[in-house]
Structures are given as structure tokens and as C-alpha cells.
Amino acid sequence: MNDRNVQKKEICTAISKAEKVLIGIGGEWRLREDGKKVRSRRLKDEAQRALREGYESLYRLIKDKDYYIVTTLTDGAIYDTELASSRIVAPCGNIHWRQCSKACTKDIWEEGEVPSDVCPYCGAPMTGNTLEAEAYIEEGYLPRWEAYKQWQAGTLNRRLVILELGEGFKLPTVIRWPFEKIAFFNQKSAFFRIHKSLSQIPKEVEERAWGIGADSLEWIRGMV
Ligand SMILES: [Zn+2]
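Residues numbered from 1 in each chain as written. Predicted model: local features only at pLDDT ≥ 70, side-chain atom pairs only at ≥ 80, totals over all residues. Heavy atoms only, no water.

**Q** Please clarify how helix 4 (residues 176-185) should be interpreted in this entry.
**A** Because the α-helix completes a turn every 3.6 residues, residues three or four places apart line up on one side. The set of residues buried in helix 4 consists of Arg176, Phe179, Glu180, Ile182 and Ala183. Looking down the long axis of helix 4, one finds its buried residues gathered within 160° of arc, a one-sided arrangement. Exposed and facing more than 90 degrees away from the buried side of helix 4 are Lys181 and Phe185. On its buried side, helix 4 packs onto strand 1 (20-25), strand 2 (66-71), helix 3 (142-153), strand 7 (160-165) and strand 8 (189-194). (Buried < 20%, exposed > 50% of the residue type's maximum accessible area, 1.4 Å probe, protein only. Helix = DSSP H or I, 4+ residues; strand = E, 2+ residues; numbered from the N terminus. Arc of directions from axis to C-beta. Contact = heavy atoms within 4.5 Å.)

Below is the structure:
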């Protein structure tokens, strides 16, 4: 059994004993359609299958737990899985939700709800309700963020496992830094940071934290 298998076993055990499980999902779970071009249909199918299997493994790992998931992805793929949407917050938005590109209204529509994809109030084109929008309407995720904060308050002094999957430094204020802080303050927590190249753990939390240098999606596939 190599090191990685030992770590997987330990993490499974920690999760089975945990009262609360906090998950962060970052860029390693984005379908890479830029950079390394997904040229062929076959490669694209493979990438999509890998992603689906990753989410399935994650679901099997935490489905019986009191969990919450924070994702910085905006592709909405997580909502097509068995993971409970009431336990997911996507503060960077969701490409499948539409907003006025001029943000003349805080209304947000489902995809296809406004057939012309033009703002019914001002006639400006609609755009995805994500951080990439010129004027991002944050109201789309704020109620869920409040719910997450409340859930988080309930993890205090509970056996908490924090599993951070593939989040880099692009938006450290959403997952990385807050997770370190939660691990620091909760003495009953165990924090696992999995990332191919950015798995380092700051000194302050090293007692309760483990960095695992692996691609988090590959790592979790077939784990359970
Ligand atoms: Zn408008």
C-alpha cells in the first residue's frame, strides 16, 4: 500500500467519524477547454466522464453526513449530480442563471426562461450570473451564503472534517483562507488539502492539517 492509499484510508475513517463535513471545490474540477485544447470528441467525453465519476465518488463519500459544499466553479455541473443543492453554495455564480448584462435589475432568470435572452426591462443582452459578468449581481447566491454561514457556526466544537479539493490561489478569500481559519479555531477538526501543485499548509494549522500533492479529481475518483 503506498502513501496515497494510506491517506485515503485515513480520510475515509475521519469522515466516517465526523459529525460535520465541509467540502471546497476549485479549479481542478473545471473542464479544461482552454489551454490544453480538448481537440477530439473522445478526449472531451473522457474529461466529462472523469468529472462525473469524481462527483459520484464525492457523493458516496459524504452522502450520509451533515455536509456543506463551497465551490468557486461557475459551470453549474455540480447541480447535475446527486449532491443536495440545498447544501451547495457557488459564490462565483452559475453560468446557467441569466442576468441583465447592465445589471439594471437584480432579477435572475433560469436559462431559457426569457426566450430572447434579452433583458425584459432595458433590452440589454442577458449574460451569465457569474463573477465574469461586468456587473455581477451577487443576490443570486447570497441567501445560500447566509445558510452556509449558519451551518458553519454549527460546526463549532464538533468533529469536523474539511476536504479542500483542487482550489488554487485565484480567489483565496472564498475557500482557502476561510478553511484554514476554521481549522485553526476548531480543535476537533481535521483538514485535508488536495491539489496537484498547491497543497501547502500554513504553519498555524499544521497540527490538524495535511497537504496531499495530487490532482484532486483523479485522487477522489474510485476512492469509494
Ligand atoms: Zn436590464
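Having seen the model, we can carry on.
**Q** So what exactly am I meant to see when it comes to the sheet that holds strand 2 here?
**A** Through backbone hydrogen bonds, the strands of a sheet pair up, either in parallel or in antiparallel fashion. One open sheet accounts for six strands, arranged 3-2-1-7-8-9; its pairing is parallel. The strands lining the two open edges of the sheet, one partner per strand, are strand 3 (88-89) and strand 9 (209-212). Of the pairings in the sheet, the one linking strand 7 to strand 8 comprises six bridges and is parallel in character. Bridge pairing links Ile162 to Phe191 in strand 8. Across the sheet, helix 3 is in contact with strand 1, strand 2, strand 3 and strand 7; its angle to strand 2 comes to roughly 135°. (Pairing = 2+ DSSP bridges. Axes fitted to C-alpha atoms, helices over the stretch in contact; angles between N-to-C directions.)

**Q** How do you make sense of the coordination of the zinc ion when you look at a structure like this?
**A** When a metal holds four donors in a tetrahedron, each ideal angle between them is 109.5 degrees; when it holds six in an octahedron, the ideal angles are 90 or 180 degrees. For the zinc ion, every protein donor is listed as Cys100 (SG), Cys104 (SG), Cys119 (SG) and Cys122 (SG), and the spread of their distances is 2.2 to 2.4 Å. Metal-centred angles of 105 to 117° between the four donor atoms at the zinc ion mark the site as tetrahedral. With a relative accessible area of 41%, Cys122 lands in the partly exposed category. (Donors = N, O, S within 2.8 Å, 3.2 Å for Na, K, Ca; no water. Tetrahedral: all angles 85-135°; square planar, octahedral: opposite > 155°, others 65-115°.)

**Q** Mind showing me how you'd approach the pattern of salt bridges here?
**A** One pass over the structure, following the stated rule, counts 15 salt bridges. Put simply, Arg221 and Glu53 hold a salt bridge, and the shortest N to O gap is 2.9 Å. Placement of the pair is Arg221 in the segment after helix 5 (216-220) and Glu53 in helix 2 (residues 41-62), with a sequence separation of 168 residues. Given the relative accessible area of 28%, Glu53 is considered partly exposed. Where Arg193 meets Glu180, a salt bridge forms, and the shortest distance between an N and an O atom there is 2.9 Å. Residue Arg193 is located in strand 8, and its partner Glu180 is located in helix 4; the two are separated by 13 residues in the primary sequence. An identical accessibility class is assigned to Arg193 and Glu180; each is buried. The network of salt bridges with shared partners includes Arg49, Glu53, Glu218 and Arg221. (Salt bridge = Lys/Arg side-chain N within 4 Å of Asp/Glu carboxyl O.)

**Q** Honestly, the packing of aromatic side chains in this entry has me stumped. Any pointers?
**A** Both the distance between ring centres and the angle between the ring planes are used here to describe each pair of aromatic rings. Tallied over the entire structure, the rule returns ten aromatic pairs. Aromatic side chains Tyr68 and Tyr148 sit 5.4 Å apart centroid to centroid with 35° between the ring planes, which places their arrangement in the tilted category. Within this pair, whereas Tyr68 is found in strand 2, its partner Tyr148 is found in helix 3, the two being separated by 80 residues in sequence. Residue Tyr68 shares its accessibility class with Tyr148, and that shared class is buried. Ring geometry for Phe184 against Phe185: centres 5.1 Å apart, planes inclined by 85°, an arrangement best described as edge-to-face. (Phe/Tyr/Trp six-rings, centres within 6.5 Å; stacked < 30°, edge-to-face > 60°.)

As far as function goes, none of this settles anything; it's purely spatial.
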